[in-house]
Amino acid sequence: MSLAGRQKIVIPNVRSIDVDVADHDLTLVIPAYNEESRLPKTLADTKEQLDSWGINYRVLVVDDGSRDATATLADAYGRRFSTIRKVNGGKGSAVRTGMLAARGRVVAFTDADLPYDLAALKSAFAVIDAGRRDCVFGSRTVEGAESHVERRWMRTVASSVFRTLMRVLVSRKVADTQCGLKVFSLGAAQQIFSRMTIDGFAFDAEVVYLTHLLDLSFETVPVTLVNDYSTTISLSRNAIPMLLDVIGVRLRSMRGGYQIREGTVIPRDVPQSDRIAA
């Protein structure tokens, strides 16, 4: 199937985005900062699994101003893999850059160390691909979620406290706002990430909050945690700034800063691309 033409996504009082009609099935965005040691295994594992699905995919690494060889690593994995280089701006900034550059019918992001079994991504892809939801969020707290690692008790307690705060400030329906696996239709991703403002670690909470503001349909899928290397978040350094960022999201919303208006267009009829690229 050949794809032609452009599709305009209208975001009232923000801007109009001319989006190339999707030319592949899935774009997976991986933000990375100084990940020279861990990223090669992530890219190799991702290639192996996505190749086995028989879909037309792209993997987009967003190098967030790394000082090592992170920006060069995707070159070794073939034409489906590419890198965007940017000045260091934080994980949220890197994810936003990648998600707005993505051109898959389904777009997703996960962490550079691949903390979750990609079976959850496959399940989420199927939900979006079938048009059942606009967004799917991975969760470590719903029925069916598993963990193959032991977490330090202090981090477990801190995560529980943070989730309680997010339930009050962000969403009563998405218990695990910080899970690093989120999947969207192309239109929903453009709607959300063009409005996203947080550059730091609290960006996940803003994404969930914007999903509610835009009245996008969503569901959660259980994830299997296979490693806990990922987070570079320091409880002492980052907890308060993250909380302040989330409070800022609520204040911005109360003041109309996200400019949500009736008439927002969320394209739902992006044509399917060929399942396997020539």
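It should be noted that the structure appears before, not after, this text.
Below: a short report on this structure. A quick note: this is a predicted structure, and the numbers were derived from the prediction, not measured.

Concerning the packing of aromatic side chains
The full count for this structure, using the stated rule, is 8 aromatic pairs. On the basis of an interplanar angle of 85 degrees and a centroid distance of 6.2 Å, the ring pair of Tyr57 and Phe81 is categorised as edge-to-face. Of this pair, Tyr57 sits in strand β4 (residues 57-64) while Phe81 sits in strand β5 (residues 81-86), and the two are 24 residues apart along the sequence. With respect to class, Tyr57 is no different from Phe81; both count as buried. Within the aromatic cluster, the residues linked to one another by ring pairs are Phe109, Phe137, Phe184, Phe193, Phe203 and Phe218.

Details of helix α1 (residues 39-53)
In a regular helix each residue adds 1.5 Å, so 15 residues correspond to 21 Å; α1 covers 21 Å between its end C-alpha atoms and thus fits that length. Burial in α1 covers these residues: Leu39, Thr42, Leu43, Thr46, Leu50 and Trp53. Summarising the axial view, the buried residues of α1 lie within an arc of 90 degrees, below the 170-degree limit, and thus occupy one face. Opposite the packed face of α1, turned more than 90 degrees from it, sit the exposed residues Lys41, Glu48 and Ser52. In this structure, the buried side of α1 is in contact with β3 (24-32), β4, β5 and α3 (119-129). Gly54 sits one or two residues past α1 and shows a positive phi near 75 degrees.

Details of the sheet that holds β3
With mixed pairing, 7 strands are arranged side by side in an open sheet as β5-β4-β3-β6-β9-β7-β10. Only two strands of the sheet have a single partner each, and these edge strands are β5 and β10 (218-222). Between one strand axis and the next, the sheet turns by 20 degrees as a mean value, whatever way the strands run. Inspection of the sheet shows strand β6 (residues 104-110) paired to strand β9 (residues 181-185) by 5 bridges, in the antiparallel sense.

Rules used in this analysis
- Residues numbered from 1 in each chain as written.
- Predicted model: local features only at pLDDT ≥ 70, side-chain atom pairs only at ≥ 80, totals over all residues.
- Heavy atoms only, no water.
- Phe/Tyr/Trp six-rings, centres within 6.5 Å; stacked < 30°, edge-to-face > 60°.
- Helix = DSSP H or I, 4+ residues; strand = E, 2+ residues; numbered from the N terminus.
- Buried < 20%, exposed > 50% of the residue type's maximum accessible area, 1.4 Å probe, protein only.
- Expected span 1.5 Å × (residues − 1).
- Arc of directions from axis to C-beta.
- Contact = heavy atoms within 4.5 Å.
- Pairing = 2+ DSSP bridges.
- Axes fitted to C-alpha atoms, helices over the stretch in contact; angles between N-to-C directions.

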